[in-house]
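# Tertiary structure, described
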Amino acid sequence: MKFGRISVMAVAATAALGLAACGGGTSGGSGGGSGAVKIGIKFDQPGLGLKAGADYTGMDVDLAKYIAKELGYSSTEFVEAVSAQRETLISTDQVKYIVGTYSITDARKEKVSFAGPYFIAGQDLLVRADDTSITGVDSLAGKKLCSVKGSTSATNVQKKVPGVNLQEYNTYTLCVDALKAGNVDALTTDDTILAGYAAQDANKGKLKVVGKTFSTENYGVGLKKGDVEFCKKVTDAITKYISSGEWQKAVDKNLGPAGYKPGAGNPPTPAACA
Amino acid sequence: MGELFSQYNVLGAFGITIVLTVLSALGALVIGTLVAIMRVSPVGFLNKLGALYVNLVRNTPLTLIIVFCNIGFIVNLGMSVSDDFARNNLVWATIGLAFYHAAFVCEALRSGVNTVPAGQAEAARSIGLSFGQSLREVLLPQAFRGAITPLGNTLIALTKNTTVATAIGVAEVAGLMKTMQEDRPDLMVPIFLVVAIGFVILTLPIGLVTTHLSQKLAVKR
C-alpha cells in the first residue's frame, strides 16, 4: 500500500497529541496551603449544592467554604461533581475534596477516603401536600414512585418494596414536575434533597416531606485515598464547624424553610481518620 | 468481571437494548420509507412536507425528543398505554427513536433512489406505469439495494442511541451502567469494558453484514 507508512505516522502523531492534551490541566500540590482550592460539589440540588447564575448556595457549599477557610486557602473554585465521576475527580487530582451528598460506603472507600460524617440523612418520601395516604415506606403498595436512574435510593426502594411501580428520570427536577402533575405519587431519595426541593419557591405549600426515613446515609467529605494528614485537617474543620454552631446555622438557613429537622444522631461525631 | 454479572442483570439490560433497537428500527424503516416516497413524489406539497419533517426532526436533539415523549405525551397529555411505568416508557421511547431515525432512513433511501439513472424512471413512466407502479417495480427495489450501507450506518447509530432512553428510565444498558457506577466505583474500569464490549458485539456484525450485502446485492449497471 502506497500511503501505508505515512498514514501510520499520522495516526501515531494524532494519538500522541491526544494523550498530551489529556495529561495537562490537572493541578498538583498536597496538604493545606494558600491560593485557590478546587472543590467538587453538586450543582443541581437545592438546599445542598446549587448553582444559580454565578452563585453557589446550600448546606454542602457552606461546609465546603468553611473547610477551605480553615485549611488556609484564600479562595475557592467549585467544580461540578456528578455522582458517577466523584471517585475519578478525586483520584486524578481534579478536585482537592468533594462535599456533595456523598454517602460513606465500603465500596467507595476502596477508591477514596472520607472525613466525617458531617451529616446523617436518610431516604424519605416527598408527596403532594394534600396526600394523606402515604405515611411511610409501608404504605407504598400500588403507588407510583419516582427516583433518579442509577441512584442508591432507586435501588434501595426496589429492595424494600419489591415490584414497586417506579419511574426513573435522569434528574430530580423531572420527578418533581411529574409529582406536581399527578403522574407519580411520591418522589424518593435522601430527606435532605427532598427538603431542598420542598423549600423551593415554586413548590412551597404544594409538596411535603413525609418524615419517616428508611435508610441511613452518612455524608462524608471525599478526599484522596490514604491522605491521612489531609483527612485529619478536614476532620478537625468539621468538628469545629459543628461545635461552633455554624453547622446548626447552615442547616436552619438551607433546609429550615421546608420545616425540615435533622433526624436522630445529628449532628454526628466525625470518625477518626484511618 | 464475573462479580458484575452475578450482582447485576447485565444480559437483561442488553436484552432491553436489543428490543428497543429492533422495534424502533422497524418503525423507523416504515416511517422513513413513507417520508422518502413523499420526498421523491411528483406532488410539490408532499415534497415540502417530507423535507420539513426531515429537517425538523434531524436537527432536534434526541434527548429532547425522548424526554418530550415522556413529559409531553405521558405526564401532560396523559397518553399512557399502560399503568406500568417500565412498559409505558419502553413504548414511548421506541416511538421517539423510530420517529427520530426515520429522518435518517429517509435520507439514506433518497440517496438510494438517486443511484437509479433518471432514464429508468422516465422509461418506466413512458411505458405507462403509474408513479406508484414505477416506484414499486423499478425505483424502490434498486434504491434499497443501493442504500444498504447508509441504512446499516443508521442502524448502528440507532443501536447506540438507545442509550438516550435512560433519560426517561428505560431499563437498558446505559441506565444499568449508572447504577453500577454508583454502587461499585471500585469496579469502574470493568463496568466500562463490559458495556463497551457489549455494544461492539451488537454493532460490529451489523457493519460486517451490511458491507457483505452491499457488495452482494449491488446493482450492476
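Scroll up a little and you will see the structure.
Let me begin by describing the structure that accompanies this report. (Residues numbered from 1 in each chain as written. Chains lettered and ligands numbered in written order. Predicted model: local features only at pLDDT ≥ 70, side-chain atom pairs only at ≥ 80, totals over all residues. Heavy atoms only, no water.)

### A word on the overall build of chain B
- A tally of regular secondary structure across chain B gives 10 helices and zero strands.
- Each helix (α) and strand (β) of chain B, taken in turn from the N terminus, gives the series α-α-α-α-α-α-α-α-α-α.
- Across the 221 residues of chain B, 47% fall into the buried class.
- Expressed as a percentage of contacts within chain B between residues at least 6 apart in sequence, the contacts between residues at least 24 apart total 77%. (Helix = DSSP H or I, 4+ residues; strand = E, 2+ residues; numbered from the N terminus. Buried < 20%, exposed > 50% of the residue type's maximum accessible area, 1.4 Å probe, protein only. Contact = heavy atoms within 4.5 Å.)

### A look at the sheet that holds strand 1 (residues 36-41) of chain A
Residue and element names in this part refer to chain A.
- The five strands are arranged 5-1-6-13-7 in an open sheet whose pairing can be described as mixed. Across the chains shown, the open sheet's two edge strands, defined by having one partner strand only, are strand 5 (75-80) and strand 7 (112-121).
- Two strands pair when backbone bridges link them, and strand 1 and strand 6 (residues 97-98) are joined in this way by two bridges, in the parallel orientation. Note on strand 6: the bridge partner recorded for Ile39 is Tyr97. (Pairing = 2+ DSSP bridges.)

### A closer look at unusual backbone geometry
All names here are of chain A.
- The phi dihedral of Asp93 is positive, around 65°, even though this residue is not glycine.
- Along the polypeptide, Asp93 turns up in the loop between helix 3 (86-91) and strand 6.
- Given a relative accessible area of 28%, Asp93 falls into the partly exposed group.
- Of note, the phi angle at Thr101 is positive, near 40°, even though the residue is not glycine.
- Its place among the elements puts Thr101 in the loop between strand 6 and helix 4 (106-109).

### A look at helix 8 (residues 148-161) of chain B
Residue and element names in this part refer to chain B.
- Taking 1.5 Å as the rise per residue, helix 8 with 14 residues should run 20 Å; its terminal C-alpha atoms sit 20 Å apart, in good agreement.
- Residues of helix 8 that are buried: Ile148, Leu151, Gly152, Thr154, Ile156, Leu158 and Thr159.
- Elements that come into contact with the buried residues of helix 8 comprise helix 2 (10-40), helix 5 (85-114), helix 7 (131-146) and helix 10 (188-216). (Expected span 1.5 Å × (residues − 1).)

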